[in-house]
Structure formats: C-alpha cells, structure tokens
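Chain and residue survey
The chain contents come next:
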Amino acid sequence: MADKISMSADGVLQVPAEPIIPFIEGDGTGVDIWPAARLVLDAAALKHGHSVAWKEVLAGEKAFKETGEWLPAETVEAFRDHLIGIKGPLTTPIGGGIRSLNVALRQILDLYVCLRPVRWFEGVPSPVRHPEKVDMVIFRENTEDVYAGLELQEGTEDAKKLLEFLRESFGWQIRPDSGIGVKPVSITGSKRLIRAAIEYALKHRRKSVTLVHKGNIQKYTEGAFRGWGYDLVRDEFSDVAVGWEDCGGEPADKLLVKDAIADITLQQVLTRPDEFDVIATTNLNGDYLSDALAAQVGGIGIAPGGNVNYVTGHGVFEATHGTAPKYAGQDKVNPGSVLLSGVLMFEHIGWQDAADGIVRALEQTIAEKIVTYDFARLMEGARQVRCSEFAAAVVDRL
Ligand code: NAP
C-alpha cells in the first residue's frame, strides 16, 4: 500500500515499498520532459521490485492558472509532509510576489545542500579531450553567502545609512555611490554542508573531499569556511577521515579532506580533473563550478540536481535547466536533466539498483547515437528522436 517516506529518530530515511512522491510537472517544456522521465523511472523501479505512487502538486504557471497562486501552500505542505519530491523547471514570475519559486522552496524547507553530480556519459559531445576523467559531486551551500540576498541599492536612504554606520564604527571609507551586499558565512551553515559532503564521500567510497573557497582574500568568510571544515574533520571524523594539514596529503586508508582556492580550482578541474572527487563549497563558488563542470562533460542539458536537508530528510530533486519556452509542447527537448534528477532521488532513497539500471540504459542509448536535437546537432551520424522516443529507447534498454 502506498505510504509516506519518513525519517526515523536516529536520522535514517524510512522508505515504504510504494512511497508517495510529490512531483511538479514544470512549466514550458515540463509537459514534455516530465512524462518522458516518469516513463523511464517507473519502468526501472518496476524492474527492481519497487513502485512509486506519484502525487501531482502544482507550482508555477499551472498553479497560477488554477489557483491564482504561483506556489500554493498545499504544494509546500506536500513537500514538507512527504519529505522527498521532484520538480520540472518553473517560470520565474516577473515583477512582484515571489523572487523565484525554486529559491522559495529551498528557503522554506531549509534545503541547505545543492547537490550537483557531474560525470560524463559515453558518447555525449564534449568540448574537452578527456571528459571521462570528470566524475565529481558538488555540495554547494544553498542558504547563505550571496543566497542570503542581503543587498542595498546604491543611492537609497538605507544604503547611505549603512555607509555612514560603517564609516563611523569601523572607519571604512566606501565610495558613496556604492551598492552594498552583505555576505554571511556561518559556522552552522558551513559545518552542516561539509558534514553532508564527508558523509556522502564515506558512504559512496569516494577518495577525497575538497573544500573550495576564496580564503586568500575573504579570510573571515571563505577562509573561515576552510578552517571550520578542517575543525570538523578533527572533531567528528578523525577515525575515518583526515585533513591535508594533519597528514601532509598522505591519508593512508582514511578519506582525505583537502582544500583549494576557487580560481585555481576552476583551472585545475579542467587540467587535472581526476584530482577532484567530492567538492564542498560556498554558494557563489558552487554556482560557477557546477555550470563550468557541466559544460565540460557536455551535460548542460542533462545535468541533474537536488536540494537536500540531510537532517530533516527533505529533498527536492530538479531539472537544472529552465523552461525553454520556445520548445514547449513540441516533444523535442532532452529529458535527461529531470530523468537524472530522478536517478539521484532513487539513489537518495536507497534504490541504487533502479538508479544504476537507468544510468546504464541511458549510456547505451546515447552510445548508440539515439539522441534528442541538442546532442544530434553536435554528433556525427546521430539518429535524432523526439523527447518521448528517447525515453522509450531508454526503457527498451533497461
Ligand atoms: P532555459 O530554459 O534553460 O533555456 C536556455 C536554452 O537551453 C534553450 O534555449 C536550449 O538551448 C537549452 N535547453 C534548455 N532545456 C533544454 C532541454 N531540456 N534539452 C535541450 N536543451 C535545453 O533558460 P532561459 O531561456 O534563460 O529561461 C527560461 C525560463 O526558465 C525563465 O523563466 C527562467 O527564469 C526559468 N528557469 C528556471 C529554472 C528552474 O526551474 N530550475 C532554471 C533556469 C531558468 P537551444 O536554444 O540552444 O536549443
């Protein structure tokens, strides 16, 4: 019988045989990619003795048309109550109301990890020579740094007030025609993010976690993030992990936690990608890194994502691209991003067998050059298929 996923007192997800999972179809191309992804997810689940009771909830344009609200309270409640859900892309409403529906969901459920695995699938066109060397999982902090959204517009009374305060109290001489942004990075926010990355690395037998920061310039935010990370390793993980500072890069049989400055990281993920594995980073660095890395594996159209709170168990998995309105309803675009987000969700709830099955079938489909338009235009000898046909081809190969 269908039932809700829950969290046990000791922090372990309890997944019933037939979990109820809320989904948001998504605006624009959501009508194409979600049914395609669902077809594959259901077939893979069934093959491995699982089954999902999908529960549609509304957000975005569809919600606005039916309820007059962009993000109805019922939808937030459904995600809160069922812990795990998945969503297609949503239009960002222009002018007033909610800044972004995605950001709103992340904030309301305190989804502090933006999880972005980046790997190459055989056959996917890539701009680099060895995309197969990229296999990283990015843990991007999702609630503070620039995402805290603390900004004052240049020339406003509030900006003037703050500039005056900073001059009087700290002697900071800031140009009077400046806009001001405040960037908080806390011990709480940093440690819970880095803890999640280390636990993930241990669970998935990854070899290292790299703390990516800009601590050479911003010592008390970015630099502190690095320092708190190393403290955490010493305080909570000393039996299974060790910081570079404490082992000189020789971790023996423990997980190595190291650090790298953000600008150098952007070079090295390109020149020496096999030296990076799990990455834990602050919000803005993570933003740049996730998209740069996705491009490196040719995966901007198929990059998956998840927003997770590992303490409460909440997770919203989502397509990382937008609604691509010009293609909406044409059964044309690549369903890979939302499908692989579903794979990430299956892994998260412990259905590794079904997740692995989808990845294998997807790889085989692309290797056979059966692809949607976006890959077809970059591949020689490809057979271009529709969104739904691509999904059917993956199902055939499960
Ligand atoms: P977009 O929807 O991501 O589309 C940009 C381009 O990316 C498309 O024109 C297309 O490239 C390619 N693309 C997107 N989805 C694809 C898919 N499934 N398969 C293959 N190619 C795909 O970005 P946008 O046009 O800037 O944004 C449109 C709307 O989406 C806005 O309202 C924005 O706020 C929203 N948005 C939502 C999310 C989210 O919900 N997570 C994220 C970003 C943006 P080609 O034209 O080259 O074929």
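A short tour of the structure in this document, coming up. Keep in mind it's a predicted model, so treat the numbers as computed, not measured. (Residues numbered from 1 in each chain as written. Predicted model: local features only at pLDDT ≥ 70, side-chain atom pairs only at ≥ 80, totals over all residues. Heavy atoms only, no water.)

**Structural notes on the overall build of the protein chain**
To keep things clear, this is the line we draw: By definition, any uninterrupted DSSP run of H or I lasting at least four residues is a helix, any uninterrupted run of E lasting at least two residues is a strand, and each is numbered from the N terminus. With the radius of gyration taken over C-alpha atoms, the globule rule is written as 2.2 Å times the number of residues to the power 0.38. The rule is simple: take the accessible area with a 1.4 Å probe, protein chains only, and divide by the maximum for that residue type; under 20% is buried, over 50% is exposed, in between is partly exposed. Contacts between residues were defined by any pair of non-hydrogen atoms, one from each residue, lying within 4.5 Å. Computed with a 1.4 Å probe, the accessible areas rest on the Shrake-Rupley method; for each residue, only the protein chains presented here act as cover.
Looking only at helices and strands, one finds 14 helices and 18 strands in the protein chain. Compactness check: the protein chain gives a C-alpha radius of gyration of 22 Å against a globular reference of 21 Å for 398 residues, within 12% of the reference. Seen along its three principal axes, the alpha-carbon backbone of the protein chain occupies a region of about 65 × 55 × 50 Å. The burial tally for the protein chain puts 52% of its 398 residues in the buried class. Sequence-distant contacts in the protein chain: of pairs separated by 6 or more residues, those separated by 24 or more amount to 71%. When the accessible surface of the protein chain is totalled, it reaches about 18300 Å², and 51% of it is carbon and sulfur.

**Let's talk about the pairing of strand β6 (residues 84-87)**
To be explicit about the condition: For two strands to pair, DSSP has to find at least two bridges joining them.
Side chains Ile 84 and Ile 86 of β6 all project onto a buried face; the interleaved residues Gly 85 and Lys 87 project onto the opposite face, where all are buried too. Two elements, strand β4 (residues 18-24) and β6, share two bridges in a ladder whose sense is parallel. Bridged to Phe 23 within β6 is Ile 86. In the sheet, β6 pairs with strand β16 (residues 315-319) via four bridges, with the strands oriented parallel. In the strand pairing of β16, Lys 87 is matched with Glu 318.

**With respect to the site of the ligand**
For the record, the criterion: Distances are taken per atom, and a residue is near a molecule or strand as soon as one of its heavy atoms is within 4 Å of it. Whenever two N or O atoms come within 3.5 Å, that pair is a polar contact, provided that in protein one can donate a hydrogen and the other can accept it, and provided that, for residues adjacent in sequence, both atoms are side-chain atoms. Polar here means any residue outside two lists: the nonpolar Ala, Val, Leu, Ile, Met, Phe, Trp, Tyr, Cys and Pro, and the charged Asp, Glu, Lys and Arg; Gly therefore counts as polar.
Near the ligand there are 20 residues, and of these Thr 92, Gly 322, Ala 324, Tyr 327 and Tyr 373 occur at the shortest range. At 2.9 Å from a nitrogen atom of the ligand is found a main-chain nitrogen or oxygen belonging to Asn 334. For the ligand, an oxygen atom lies 2.5 Å from a polar atom in the side chain of Tyr 373. Contact with the protein chains hides 66% of the accessible area of the ligand, taken as 880 Å² for the molecule alone. For the shell around the ligand, a count of residues per class yields eight nonpolar, eight polar and four charged.

**Concerning a nonpolar patch on the surface**
Condition: Exposure above 30% relative accessible area and no salt bridge define the residues that can form patches, which grow by joining like charges within 9 Å and nonpolar side chains of Val, Leu, Ile, Met, Phe, Trp and Tyr within 5 Å. By definition here, a salt bridge exists when the distance from a side-chain nitrogen of Lys or Arg to a carboxyl oxygen of Asp or Glu is within 4 Å.
A cluster of nonpolar side chains, Phe 165, Phe 170, Trp 172 and Ile 174, forms an exposed patch at the surface whose accessible area comes to about 430 Å². In this structure, Ile 174 sits in the loop between α5 (157-170) and β10 (180-182). The partly exposed category is assigned to Ile 174, whose relative accessible area is 35%.

**Focus on the side chain of Asp 277**
Tracing the backbone through its elements, the reader meets Asp 277 in the loop between α9 (262-271) and β14 (278-281). When sequence neighbours within four positions are dropped, the list of residues in contact with Asp 277 reads Asp 135, Met 136, Val 137, Arg 206, Lys 207 and Ser 208.

**Describing the packing of aromatic side chains**
One pair of aromatic rings is described through two measures. These are the centre distance and the angle between the planes. The line we're drawing: Only the six-membered ring of Trp is used, alongside the rings of Phe and Tyr, when aromatic pairs are assigned; centres must lie within 6.5 Å, and planes under 30 degrees apart are stacked while those over 60 apart are edge-to-face, with the rest tilted. Only when the NZ atom of a Lys or the CZ atom of an Arg is both within 6 Å of the ring centre and within 35 degrees of the ring normal do we say a charge sits over the ring.
Enumeration according to the criterion identifies 10 aromatic pairs in this entry. Ring geometry for Phe 23 and Trp 34: centres 4.9 Å apart, planes at 20 degrees, overall stacked. Residue Phe 23 is found in strand β4, and its partner Trp 34 is found in helix α1 (residues 30-47); the two are separated by 11 residues along the sequence. For the pair shown, Phe 23 and Trp 34 are each scored as buried. Cluster of aromatic residues (ring-pair linked, three or more members): Phe 23, Trp 34 and Trp 54. Lying over the aromatic face of Phe 276, Lys 258 brings its terminal NZ or CZ to 5.5 Å of the ring centre. The aromatic ring of Tyr 373 is capped on one face by Lys 332, whose charged end is 4.8 Å from the ring centroid.

**Description of helix α4 (residues 101-108)**
The element α4 is largely enclosed, with a buried count of six among its eight residues. Among the residues of α4, Leu 101, Asn 102, Val 103, Ala 104, Leu 105 and Arg 106 are the ones counted as buried. Looking at the packing, one finds that the buried side of α4 touches β4, α2 (60-67), α3 (73-82), β6, β15 (304-308) and β16.

**Considerations on the pattern of salt bridges**
Considering all chains together, one arrives at 26 salt bridges under this definition. For Asp 135, the salt bridge goes to Arg 206, with nearest N and O atoms at 3.3 Å. Taken together, the residues Asp 135 in strand β8 (residues 135-141) and Arg 206 in the loop between α6 (187-203) and β11 (208-213) connect sequence positions 71 residues apart. The partly exposed category is assigned to Asp 135, whose relative accessible area is 37%. Overlapping salt bridges, with partners in common, bring together Arg 226, Asp 231, Arg 234, Glu 245, Asp 246 and Asp 259 in one network.

**What about the side chain of Asp 27?**
Applicable threshold: Counted as positive: Lys and Arg. Counted as negative: Asp and Glu, with His and the chain ends omitted from the count.
With respect to the secondary-structure elements, Asp 27 resides in the loop between β4 and α1. The charged side chain of Asp 27 is buried without a salt bridge, its nearest counter-charge being Lys 65 at 7.3 Å. In this view, Asp 27 contacts Ala 59, Gly 60, Glu 61, Lys 62, Pro 89, Leu 90, Thr 91 and Thr 323; residues no more than four positions away in its chain are not counted.

**Details of the environment of Pro 16**
Its location among the elements puts Pro 16 in the loop between β3 (13-14) and β4. On a C-alpha basis, the gap between Pro 16 and Ser 51 in space is 9.7 Å, while along the polypeptide they are 35 residues apart. The contact partners of Pro 16, leaving out residues within four places of it in the chain, are Asp 3, Lys 4 and Ile 5.

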